[in-house]
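Architecture at a glance
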Amino acid sequence: MSADSQQPRPPEGATTDTTTLLLCGARLTDGRTVDVRLSGGRIEAVGTPGSLGSHGARVDLGGYLLLPAPAEPHAHADTALSDDTPGPVSYAAEDVQRRATEATLLQLGHGATALRAHVRIGDVQGLASLEAVLQARRSLRGLADLTAVAAPRLLTGVAGADGLAMLRDAMKMGASVVGGRPDLDPDPAGYAEAVLEVAAEHGCPVDLHTDGDDPARLARLAAMAGGLRPGVSIGPCGALTRLSVDARSRVADQLAAAGVTVTCLPQGGCGGTEVRGVAPVRLLRSAGVRIAAGGGALRDLANPVGRGDPLESAYLLVSQGGLRPAEAYGAVSEAAREAMGLPAVRVEAGFPAELLAVRGERLAGVLSLAYSRIVVHRGRVVARTSAVREYCDSAAALELPRQGRPDARP
């Protein structure tokens, strides 16, 4: 079993909160209003309002829509927030750890209780950035689950020998996923083959960067990746839209047959690719390809205004990608978790208590105006964001409702 798939379990040295928490009056996407009792990091019971007894804490979720928590399948922890500071980017261990910690907490506030972060290894940084991100992961235990993808630059030829040795060292250090960008290597197929070999040695997933502009290269990758467990993800594949319709369709069929996940980045690109744009999600979905959506660059040189907000990714998949709200939210929750090897989450008894409550009544509404949020990780509230909209006194006569509470008046 991969390290990614073990993340929902308490890490070594951490304990699951065994207290009981009752979420009261939450609305579900099917229109029901329910109480939800959490215990031991899982959903213990779901019932009609007032039907569940509890001696623990209570959280009033009246006016909130309760959802499975999203996950972030494509972050860049070593460069996140680096554009906030003028001058050259510092890769000193303490700076990388601070940025990785702050970025994870920012995305946790958005609702992502599990994150997969790509970290470059080799070159000047060696393994220092990876060690800093792993230290951030340890400091965040109990708040969010952070896993690291080791991303070497070269893996073939004389220059790649050091990269391959460093990749194996990175996996021993605690990286959970093998990654990188084959397109930068003089031998992209050899790079992919080396990545798959290391992944097989360690029983871990593969997550590769690619623009997806070479159908033959993608076909070879699909042929090599077919049947690999625990699985292969590629992304963001923004250049797939530049291929002919026939070429796109063939690539989609090949990726679907191989069980390869495509992780798109609706909020913009990342430092690991050159092409901005979103993969043809509707075509890929229709071919049977699992589509996950990530945040990508978070306020670094690749995207200085990146937000890393999974609900914004879902919003963009609806407004620009043509998906329905439920399909789009599934890309940042169910599909993202599955791509990361995490257990499924549903608001039903027995499932992990990884939840997001957003003020609003319908999924489309919360994707449009997702201001106030309450995040639950392993059965306890770990983040709250509250927003209050007020109007001046002259607007009172209009009887405008407060945001998300149709029954309230200012």
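Every value quoted in this text rests on a predicted model; they were computed, and no experiment measured them.

Here is what the cut-offs are and how they apply
- Here the residue numbering is sequential within each chain, running from 1 through the sequence in written order.
- A pLDDT threshold of at least 70 governs which residues receive local features in this predicted model, and a stricter bar of 80 or more applies before side-chain atom pairs are shown or counted, although totals over entire chains, interfaces and linings include all residues.
- Side-chain measures were taken over the full set of non-hydrogen atoms in the model, leaving aside hydrogen atoms and water.
- The numbering of helices and of strands both runs from the N terminus, where a helix is a DSSP run of H or I of at least 4 residues and a strand a run of E of at least 2.
- Only the C-alpha atoms count toward the radius of gyration. The rule for a globule is 2.2 Å times the residue count to the power 0.38.
- A simple rule labels every residue: compare its accessible area, found with a 1.4 Å probe on the protein chains alone, to the largest value its type can have, and call it buried under 20%, exposed over 50%, or partly exposed in between.
- Throughout, a contact is declared for two residues whenever any of their heavy atoms are within 4.5 Å.
- Accessible surface is estimated by sampling points in the Shrake-Rupley manner with a 1.4 Å probe; for residues, cover comes only from the protein chains shown.
- Counted charges follow a simple rule, with Lys and Arg positive, Asp and Glu negative, and His plus the chain ends left uncounted.
- Positions of charges follow a simple convention, taking NZ of Lys, CZ of Arg, CG of Asp or CD of Glu.
- By the convention used here, strands pair only if DSSP detects at least 2 bridges between them.
- Only the stretch in contact is used when a helix axis is fitted, and all axes are lines through C-alpha atoms; the angle between N-to-C directions ranges over 0 to 180 degrees.
- As a per-residue quantity, pLDDT reports the predictor's confidence and falls between 0 and 100.
- Crossover handedness is defined here as right-handed if the route from the first strand over the helix to the second strand goes clockwise, with the strands pointing away from the viewer.
- Put simply, a nonpolar core is a bunch of buried Ala, Val, Leu, Ile, Met, Phe, Trp, Tyr and Cys residues held in one set by side-chain atoms that sit within 4.5 Å of each other.
- Helix span, expected: 1.5 Å multiplied by one less than the number of residues in the helix.
- Definition used for salt bridges: Asp or Glu carboxyl oxygen within 4 Å of a side-chain nitrogen of Lys or Arg.

In this section: the overall build of the protein chain. Counting secondary structure elements, the protein chain contains 11 helices and 16 strands. A globule of 410 residues ought to have a C-alpha radius of gyration of about 22 Å, and the protein chain, at 22 Å, matches this closely. Principal axes of the C-alpha set define a box for the protein chain whose edges measure 70 × 50 × 45 Å. The 410 residues of the protein chain split such that 54% are buried. Taking all contacts inside the protein chain whose residues are at least 6 apart in sequence as the whole, residues at least 24 apart take part in 72%. Accessible surface, the protein chain: about 17,100 Å² in total, of which carbon and sulfur atoms supply 50%. Taking the average place of the 42 positive charges on the side chains of the protein chain and the average place of its 45 negative ones, the gap between the two points comes to 5 Å.

Looking now at the sheet that holds strand β10 (residues 206-210). With parallel pairing, 8 strands are arranged side by side in an open sheet as β6-β7-β8-β9-β10-β11-β12-β13. Single-partner strands in this sheet number two, and they are β6 (72-75) and β13 (291-293). Strand after strand, the sheet turns through a mean of 25 degrees between neighbouring axes, direction not considered. Across 2 bridges, strand β8 (residues 145-152) lies against strand β9 (residues 177-180) in parallel orientation. Looking at β9, one finds that V149 is bridged to V177.

Per-residue pLDDT for the protein chain has a mean of 91; in total, 91% of the residues score no lower than 70. Within the model, pLDDT remains below 50 along residues 1-15, and this stretch shows 36 contacts once partners closer than five positions in the same chain are excluded. Overall, residues 405-410 carries pLDDT values under 50, and its contacts beyond four positions in sequence, including any with other chains, amount to 12 contacts.

Moving on to the pairing of β9. Neither face of β9 is open: one carries V177 and G179, the other V178 and G180, and all of them are buried. Read as a crossover between parallel neighbours, the route from β8 over helix α3 (residues 157-173) to β9 is right-handed. Across 3 bridges, the pairing between β9 and β10 is parallel. Note on β10: the bridge partner recorded for V178 is V206. Chirality of the crossover, the property in question, places the unit of β9, helix α4 (residues 188-202) and β10 among those that are right-handed.

Turning our eyes to something else, we now look at the nonpolar core. Ranked by internal contacts, the top residues of the largest apolar core, which has 78 residues, are I234 and V262. It is α4 that provides the largest number of residues to this core, a total of 7 residues. If you look at the next biggest cluster of nonpolar residues, it comprises 20 residues, including L28, L355, I374 and V376.

Here the bond from G235 into P236 is cis, since omega is 5 degrees, no more than 30 degrees from zero. Topologically, P236 is positioned in strand β11 (residues 232-236). Positive phi is not limited to glycine here, since D123 has a value of about 55 degrees. In the Ramachandran plot, C237 falls in the positive-phi region, its phi being about 60 degrees despite a non-glycine side chain. Along the polypeptide, C237 turns up in the loop between β11 and α6 (245-258). On the basis of relative accessible area, C237 is assigned to the buried category, the value being 0%.

We now examine α4. Here α4 is 15 residues long and its end C-alpha atoms lie 21 Å apart, about the 21 Å a rise of 1.5 Å per residue gives. Within the sequence span of α4, burial applies to P188, G190, Y191, A192, A194, V195, L196, V198 and A199. For α4, the elements touching its buried residues are β8, α3, β9, β10, α5 (215-225) and β11. Downstream of α4 by a residue or two, G203 has a phi angle that is positive, lying close to 60 degrees.

This part takes up the pattern of salt bridges. The full count for this structure, using the stated rule, is 20 salt bridges. Between D214 and R217 there is a salt bridge, with the nearest N and O atoms lying 3.5 Å from each other. Relative accessible area serves as the criterion here: at 25%, D214 is assigned to the partly exposed category. In this structure, R285 and E327 form a salt bridge, with 3.3 Å as the shortest nitrogen-oxygen distance. Residue R285 is located in helix α7 (residues 281-287), and its partner E327 is located in helix α9 (residues 325-332); the two are separated by 42 residues in the primary sequence. Via salt bridges that share partners, D95, R98 and E102 belong to a single interconnected network.

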